[in-house]
Amino acid sequence: MDYLKIIKCHGLKGDIKISGSKNASLPLIAMSILAKNSVKIQNVPNVKDITTLLKLLQNLGSSCTFTKNIATIDTTTLSHTKATYNIVKTMRASILVLGPLLARFGHCEVSLPGGCAIGQRPVDLHLKALELMGAKIHIKAGYIQAKAPNGLTGADIIFDKITVTGTANIVMAAAIANGVTTITNAALEPEIVQLCQILNNSGVNIKGIGTSQITIIGTNKKLLTIDTFAVIADRIEAGTYLCAGAITNSIITLKNIENRHLNSIVSKLEEMGCTFIKSDNSITLHPTNHLKPINIITQEYPAFPTDMQAQFLALATQANGTSIIEERLFENRFMHVSELQRMGADIHLNGHVATVNGKSRLSGTDVMATDLRASSALVLAALVASGETHIHRIYHLDRGYENLQNKLQIIGANIVRLKE
Ligand code: EPZ
């Protein structure tokens, strides 16, 4: 296994090109199951979660190529519909094939994704919605066995909780269902907006895109012709690198971003004392050498994203005063805290609330990545910790950050990837 060796940096400088969004790419790749043509998707980040989902589609009989951030997926040869545990266990977003497979073939078996480091990650809302659309769902030996021999029927879905992949699954299932589906309490994330836009551009009549009430008029099993498109920028990758600039007191510019997707992140950094210059698809952070403490509550988009909580907790260790960070979406998303405490951070956990007393002098040491965003928080802390930090189990990072060490090296970070 590889690890990252990071030495305290004395300032970063320059531009970072932000990659396409992992969390937009995953449902868009699953959407190719609804196509009658080979689908070409540009600006797909070359990260593990993407190659895992492409491998899953290949295992089902599709043909997929992925070079220079372009994924080409031909599902016309897709011949079976069992997404097996060995793949699903490595990437729970594999659940995104459930809706499209069931809608197109009338049956499928998808391994229950199981939990992950940050929580139980149930899919009950996905299943309940599909049953309302006429699916017969049984759980057997850890698999979701779903049947809809006469196809899915439009229904009125009300999600008890806002679920991003749940919304994606039902939007895709409804796209070729028979009749009208309404989704109330739909997720508003930009990744869902793009999925709806691409489906709408492909002949599915969708109203309410970007709102919590979406109406989808299904094509009644008529497959779609999906033209080539490019994935939106990754707002979480962008937010992570903005935190790198803020924590190292550096002026950095991010290119190829969508500023409107960063509002809640930028506003928190402004509260901490940073300022910004924005253009169409770039943003320059001007740091402060006196970071103010911050209070954060993670909620669904457009509020502050849970996927940025770990990064801001690392940043808060360098703020002058006490920050309060509350995690409202996942039950176990503070795995980074113990590693940051080992580096010298003064953090107190009380249930879902972390109290961070800054400014702490962090010291480099060996630390262990535990999940995707916790790993990026450790990278941020390592950039300002004295001496040398080794971050182990960085396969977590590889799931969602494309070329992280190269992107940081280019702007001056002393970071190398080595073999254990
Ligand atoms: C998506 O996960 C993202 N993943 C996550 O990003 C992100 O943290 C999460 O949304 C919240 O924004 C992808 O898009 C691939 P949810 P998802 O369903 O869809 C509960 C990352 O770091 N819930 O919106 O799985 C659930 O327990 C990853 O890139 C149910 O109770 O999350 C949670 O408390 C991590 N029943 C809340 O809803 C369900 O059937 C939100 O979960 C579904 C969800």
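Structure shown above.
Values in this document were obtained by computation on a predicted structure and should not be read as measured data.

1. Section: the overall build of the protein chain
Then comes step 1: Across its full length, the protein chain carries 14 helices and 24 strands.
Then comes step 2: Taken along its principal axes, the extent of the C-alpha atoms in the protein chain is 65 × 45 × 40 Å.
Then comes step 3: With 420 residues in all, the protein chain has 57% of them scored as buried.
Then comes step 4: Restricting to contacts in the protein chain with at least 6 residues of sequence separation, those with at least 24 account for 73%.
Then comes step 5: Accessible surface, the protein chain: about 16100 Å² in total, of which carbon and sulfur atoms supply 50%.
Then comes step 6: Averaging the coordinates of the 40 positive side-chain charges in the protein chain and doing the same for the 31 negative ones gives two points 4 Å apart.

2. Thoughts on the sheet that holds strand β1 (residues 2–7)
Then comes step 1: As summarised here, the arrangement of the 4 strands in space is β22-β23-β1-β24, forming an open sheet in which the pairing is mixed. With partners counted over all chains shown, the strands left at the sheet margins are β22 (366–368) and β24 (414–419), one partner each. Each neighbouring strand pair of the sheet contributes to a mean axis angle of 25°, computed without reference to strand direction.
Then comes step 2: Taken together, the 6 bridges between β1 and β24 define a ladder with antiparallel strand orientation. Following the sheet pairing, I7 is matched in β24 by N414.

3. A closer look at the state of the cysteines
Then comes step 1: Throughout the structure, instances matching the rule amount to 0 disulfides.
Then comes step 2: Free of any disulfide, C108 has its nearest neighbouring cysteine sulfur in C64, separated by 17 Å.
Then comes step 3: Since its relative accessible area comes to 4%, C108 is described here as buried.
Then comes step 4: Free cysteine C274: the closest other cysteine sulfur is in C243, separated by 8.6 Å.

4. Here we look at helix α8 (residues 235–247)
Then comes step 1: Between the first and last C-alpha of α8 there are 18 Å, a value that for 13 residues agrees with the 18 Å anticipated at 1.5 Å per step.
Then comes step 2: Taken across its 13 residues, α8 has 13 buried, putting it largely inside the fold.
Then comes step 3: The N-cap of α8, judged by a side-chain oxygen 2.9 Å from the amide nitrogen of I236 a few residues on, is D234.
Then comes step 4: Looking one or two residues past α8, N249 carries a phi angle of roughly 55°, positive in sign.

Conventions and cut-offs
- Position numbers for residues count from 1 along each chain, tracking the sequence in the order it is written.
- In keeping with the model being predicted, local features are shown solely for residues with a pLDDT of at least 70 and side-chain atom pairs are shown and tallied solely at 80 or more, while totals for entire chains, interfaces and linings include all residues.
- To obtain the side-chain values, all non-hydrogen atoms of the structure were used and water was disregarded.
- Elements are defined by DSSP. Helices are runs of H or I of four residues or more, strands are runs of E of two residues or more, and each kind is numbered from the N terminus.
- Burial classification: accessible surface area is computed with a 1.4 Å probe over protein chains only, and a residue below 20% of its type maximum counts as buried, one above 50% as exposed, and the rest as partly exposed.
- Two residues form a contact once any of their heavy atoms are found within 4.5 Å.
- Here, Shrake-Rupley sampling with a 1.4 Å probe gives the accessible areas, and only protein chains in the shown set may cover a residue.
- For the purpose of counting charges, residues Lys and Arg are taken to be positive, whereas Asp and Glu are taken to be negative. His and the chain ends are not included.
- The atom standing in for a charge is NZ when the residue is Lys, CZ when it is Arg, CG when it is Asp and CD when it is Glu.
- The criterion for strand pairing is that DSSP finds at least two bridges linking the strands in question.
- Comment: axis = line fitted to C-alpha atoms, over the contacting stretch for helices; angle = value between 0 and 180 degrees taken between N-to-C directions.
- Throughout, disulfides are identified as pairs of cysteine sulfur atoms within 2.5 Å of each other.
- An expected span of 1.5 Å times one less than the residue number is assigned to each helix.
- The definition of a polar contact used here is a pair of N or O atoms within 3.5 Å, where within protein one atom must be able to donate a hydrogen and the other to accept one, and adjacent residues in sequence count solely through side-chain atom pairs.

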